[in-house]
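Examination of the molecular architecture
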Amino acid sequence: MAVAYNKRTHRCGGLRIDDAGQAVTLVGWVNNYRDHGGMVFIDLRDSEGITQLKFNPETDPKAHETARGLRNEDVIAINGNVAPRGDNVNPKLPTGEIEVEAHAVDVLAKSDPTPFEIEDDTEANEELRLRYRYLDLRRPSMQKTFRLRHQLGKIIRDYFDENGFVEIETPFLTKSTPEGARDYLVPSRVQQGTFYALPQSPQIFKQLFMVAGFDRYAQIVRCFRDEDLRGNRQPEFTQLDMEMSFVKREDVMDMVDGCIQRLFKEILDIDITVPLKHMKYAEAMDRFGVDRPDTRFGLELQDVTGQVREIDFGVFKSAIDAGGMVRCIVAPGAADKLTRKITDGLTEELRGIGAGGLPLTKVIEKDGNLEFATGVAKFVQPVCQSLCDAVGAKAGDSVFFMPGTYDDVCKYLHYVRTRLAEMLDVIPEHRWDLLWVIDFPLVAWNEEMKRWDSTHHPFTAPVDEDIHLLKSDPGKVRDQAYDLVLNGEEMAGGSIRIHRREVQQSVFELLNISEKESNLKFSHLMEALRFGAPPHGGIAFGFDRWAMLLAQKASLRDVIAYPKTQRAVCPLTNAPGEVATAQLEELGIDLRPEVKAKREAAS
Ligand code: ASP
């Protein structure tokens with residue numbers, strides 16, 4: 001009689017010694033096959049674990065015969081009895097105290113040999129794993145990760161539900177909602193020559209929900225951004241997106257604090273103290289050189305312009321004379337640890353990102369006094385004592401200087417700080433430094449394009465007291481944005497929005513978005529702002545990034561079921577792909593001759 005695969009009694013991770021003697025039906029994949037002197041042992045795997053099956057030729061010759069023909073990844077169903085393993089307990093498996101003596105087995109599907117072993121410690125390269133992602137996802141660690149991702153979504157949904165938020169879907173085929181990236185475009189067949197844009201975020205739609213009076217909205221939603229995929233980015237990714245009415249920024253941050261606290265508790269059993277710290281953008285830049293500071297370690301930036309102003313060192317002088325500054329990082333005890341080769345390497349890296357160099361020196365003690373040795377020692381020696389006093393440098397420390405404009409100094413010293421932390425191994429493990437960065441500048445000058453760009457997006461509200469500076473001194477206007485930073489990574493970002501039409505118009509003007517362009521792109525928002533828009537604000541957090549962090553994975557691709565490669569290709573489906581000429585014709589689209597030629601050459 002066939003084994004009733006639709007009537008399994010247990011999952012493969014669930015049986016324990018107390019179940020000994022029970023008759024069970026299990027289904028799953030052959031994880032492993034061993035023939036021990038007639039007795040066949042199979043590790044049966046399903047989504048929840050592994051159970052050892054034993055096939056005995058004496059007692060169950062038919063089942064044993066079938067089992068001998070099984071190979072890894074065949075799909076089977078078995079009937080059997082749970083028995084203690086006796087002396088052969090496997091302490092590594094939760095089910096390691098028992099095995100199931102199988103009396104009947106059905107082969108539901110055979111498997112070809114797989115291109116790589118289905119095991120956690122796979123050596124298969126990522127391209128191959130992504131090409132056969134369904135096999136890769138069979139690996140127990142992947143199953144665990146996607147369960148955690150599910151749990152993350154559930155906790156978030158429950159939390160926002162309990163707090164009165166409504167989940168409402170927003171369209172994918174829409175108009176551009178800018179977040180600073182390129183749009184993915186979808187051609188319209190019905191209205192040839194026009195295009196939908198896939199949303200970079202539901203930003204405008206969620207603001208319109210507030211105008212609509214929903215008051216509190218939260219959605220776990222896919223967003224699309226066509227950017228060059230540096231490092232850990234994906235062209236489509238998931239956000240937890242939320243918006244609230246009648247709030248100030250503290251209210252939004254408090255709401256998120258509660259959610260973060262719950263996530264850490266329920267997923268990692270870690271207690272996070274709330275409210276989280278708030279740090280002003282200016283302080284973050286001054287101390288860490290970046291607006292997403294990693295506060296797990298020191299190596300902070302310090303200004304020494306005053307100390308070095310008078311010394312005879314052209315590199316510092318010219319920076320200071322040009323209105324710039326000199327700042328430094330003191331690396332305690334690094335003098336011995338960082339060899340010349342290492343610091344030369346670091347200097348090269350800095351040159352690679354545009355810095356002129358990395359003036360550095362070491363502090364030594366001689367006859368009871370501090371002195372500088374090596375590097376730029378001879379230039380800075382005259383101010384050695386006052387400089388060391390000012391920055392707290394001691395014998396055995398290294399000092400890394402950076403002359404230049406504020407922005408450049410921040411950028412390069414942030415780089416130096418990050419690399420030093422790695423090289424000196426000063427980043428503590430198991431630490432979760434969460435903080436809010438607030439009071440960003442509303443806009444930043446884009447020297448290349450000679451225009452002001454939003455630091456967040458164009459709908460971010462300026463701080464009320466700064467609105468009068470919008471025309472006269474835009475660079476001084478602070479915004480009402482808030483970014484959540486964890487161990488130096490931006491984990492969420494949001495703001496209070498502009499809810500007054502005339503302010504939105506002035507910000508568009510500042511950003512050089514003409515009335516024509518704003519009408520074309522944002523007329524629906526501008527119109528809505530005429531009809532009683534409440535004060536509102538919200539935030540979005542990178543859902544994949546949170547999943548990656550909580551699952552303690554190194555790559556976003558490990559927490560996205562079907563991710564794209566750095567070239568924005570899906571190795572499983574081979575998307576993006578060519579389409580039939582007829583399909584293009586329907587859309588009123590013709591490929592440009594040079595593109596056509598390139599495609600033909602490639603095929
Ligand atoms: N729309 C923003 C983003 O996607 C988040 C927000 O301002 O709520 O980054």
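Everything in this summary refers to the structure shown in the same document. (Residues numbered from 1 in each chain as written. Predicted model: local features only at pLDDT ≥ 70, side-chain atom pairs only at ≥ 80, totals over all residues. Heavy atoms only, no water.)

Brief notes about the overall build of the protein
Along its length, the protein carries 20 helices and 21 strands. Based on the C-alpha atoms only, the size of the protein along its principal axes is roughly 95 × 75 × 55 Å. Counting all 603 residues of the protein, 47% fall into the buried class. Counting only contacts in the protein whose residues sit at least 6 apart along the sequence, the fraction spanning at least 24 positions is 67%. Split by element, the accessible area of the protein, about 30400 Å² in all, is 50% carbon and sulfur. In the protein, which carries 76 positive and 95 negative side-chain charges, the distance between the mean positions of the two groups comes to 2 Å. (Helix = DSSP H or I, 4+ residues; strand = E, 2+ residues; numbered from the N terminus. Buried < 20%, exposed > 50% of the residue type's maximum accessible area, 1.4 Å probe, protein only. Contact = heavy atoms within 4.5 Å. Areas by Shrake-Rupley, 256 points an atom, 1.4 Å probe, with all protein chains shown as cover. Lys, Arg positive; Asp, Glu negative; His and termini not counted. Charge placed at Lys NZ, Arg CZ, Asp CG, Glu CD.)

Quick notes on the sheet that holds strand β14 (residues 369-373)
Through backbone hydrogen bonds, the strands of a sheet pair up, either in parallel or in antiparallel fashion. Read across the sheet, five strands follow the order β11-β12-β15-β13-β14 without closing on themselves; strand pairing throughout is antiparallel. What marks the edges here is a single partner per strand, and that holds for β11 (301-303) and β14. If you compare each strand with its neighbour and ignore which way they point, the axes differ by 35 degrees on average. One ladder, built from three bridges, connects β11 with strand β12 (residues 325-331); its direction is antiparallel. By the bridge assignment, aspartate 303 is partnered in β12 with arginine 327. Contacts between helix α14 (residues 406-423) and the sheet are confined to β11, β12 and β15 (398-404), with β12 contributing the most and set at about 10 degrees to the helix. (Pairing = 2+ DSSP bridges. Axes fitted to C-alpha atoms, helices over the stretch in contact; angles between N-to-C directions.)

Observations regarding the nonpolar core
One finds Ile156, Phe160, Met242 and Trp546 to be the most contacted residues of the largest nonpolar core, which totals 65 residues. Examining the composition of this core, we find that nine residues originate from one element, helix α6 (residues 249-268), more than from any other. In contact with methionine 242, not counting residues within four places along its chain, are Phe160, Phe165, Lys206, Tyr217, Ala218, Val252, Met255, Val256, Arg497, Gly538 and Ile539. Grouped together as the second largest cluster of nonpolar side chains are 23 residues, Val308, Phe372, Cys388 and Phe401 included. (Core = buried A, V, L, I, M, F, W, Y, C linked by side-chain atoms within 4.5 Å.)

Concerning the site of the ligand
Near the ligand you find 13 residues, and of these Glu179, Gln203, Lys206, His457 and Arg497 are the closest. Arginine 225 is positioned such that a nitrogen or oxygen atom in its side chain is 2.9 Å from an oxygen atom of the ligand. Coverage of the ligand by the protein amounts to 89% of the 270 Å² it exposes when considered alone. Elements that contribute at least two residues to the shell around the ligand include exactly α5 (203-211), β20 (489-496) and β21 (536-542). By residue number, the principal contributor to the shell around the ligand is β21, which donates three residues. Of the residues contributing to the shell around the ligand, the split by class is two nonpolar, seven polar and four charged. (Near = heavy atom within 4 Å. Polar contact = N/O pair within 3.5 Å; in protein donor to acceptor, adjacent residues only side chain to side chain. Nonpolar A, V, L, I, M, F, W, Y, C, P; charged D, E, K, R; others polar.)

Focus on the environment of arginine 500
Topologically, arginine 500 is positioned in the loop between β20 and α16 (501-510). Residues arginine 500 and threonine 273, 227 residues apart in the sequence, show an inter-C-alpha distance of 36 Å. Reaching out from arginine 500, the side chain makes a polar contact with the side chain of glutamate 502 at a distance of 3.1 Å.

Let's talk about the pattern of salt bridges
Inspection of every chain in the model, using the stated rule, returns 47 salt bridges. With a closest N to O distance of 3.4 Å, glutamate 243 and lysine 206 form a salt bridge. With glutamate 243 in strand β9 (residues 236-245) and lysine 206 in helix α5, the pair connects residues that are 37 residues apart, well separated along the chain. Owing to a relative accessible area of 1%, lysine 206 belongs among the buried residues under this scheme. In this structure, the salt-bridge partner of arginine 431 is aspartate 433, at a minimum N-O distance of 2.9 Å. Residue arginine 431 is classed as partly exposed on the basis of its relative accessible area of 35%. For aspartate 433, a relative accessible area of 11% gives the class buried. Overlapping salt bridges, with partners in common, bring together Arg249, Glu250, Lys280, Asp439, Glu465, Asp466 and Arg478 in one network. (Salt bridge = Lys/Arg side-chain N within 4 Å of Asp/Glu carboxyl O.)

As for the sheet that holds β9
Within the open sheet, the seven strands sit side by side as β8-β9-β21-β20-β19-β16-β10. Their pairing is mixed. Both edges of this open sheet fall to β8 (216-224) and β10 (277-280), since each of them pairs with a single strand only. Here the strands of the sheet are splayed against their neighbours by 25 degrees on average, with no regard to which way each runs. When β20 meets β21, the two strands line up antiparallel, connected through five bridges.

Observations concerning the layout of surface pockets
Of the volumes computed, that of the second largest pocket is approximately 1400 Å³. In terms of lining, the second largest pocket is formed by 36 residues, of which the most central are Pro576, Gly577, Glu578, Val579 and Leu591. Of all elements in the fold, only β6 (184-187), β7 (195-198), α19 (581-587) and α20 (593-602) reach the threshold of two or more residues within the lining of the second largest pocket. Its residues assigned to classes, the lining of the second largest pocket comprises 19 nonpolar, five polar and 12 charged. (1 Å grid on protein atoms, 1.4 Å probe; cavity = no way out; pocket = protein on both sides within 12 Å on 5 of 7 lines; lining within 4 Å. Points joined across faces, edges and corners; volume = space filled by probe spheres on them.)

A look at the pairing of strand β1 (residues 23-36)
The pairing of β1 with strand β4 (residues 75-84) spans seven bridges and is classified as antiparallel. Opposite valine 27, over in β4, you have alanine 77 as the bridge partner. Bridging between β1 and strand β2 (residues 39-46) involves seven bridges; their strand directions are antiparallel. Of the residues in β2, the one forming a bridge with asparagine 32 is aspartate 43. Connecting the antiparallel pair β1 and β2 is a turn made up of two residues, with glycine 37 showing a positive phi of about 50 degrees.

Looking at α5
Since there are 3.6 residues in each turn of an α-helix, residues three or four apart along the chain are aligned in direction. Here α5 lies mainly inside the structure; seven of its nine residues are buried. Every buried residue belonging to α5 is among Gln203, Ile204, Phe205, Lys206, Gln207, Phe209 and Met210, and all of these are buried. Packing partners of the buried residues in α5 comprise β8, β9, α17 (515-528) and β21. Positive backbone phi, approximately 90 degrees, marks glycine 213, located one or two places after α5.

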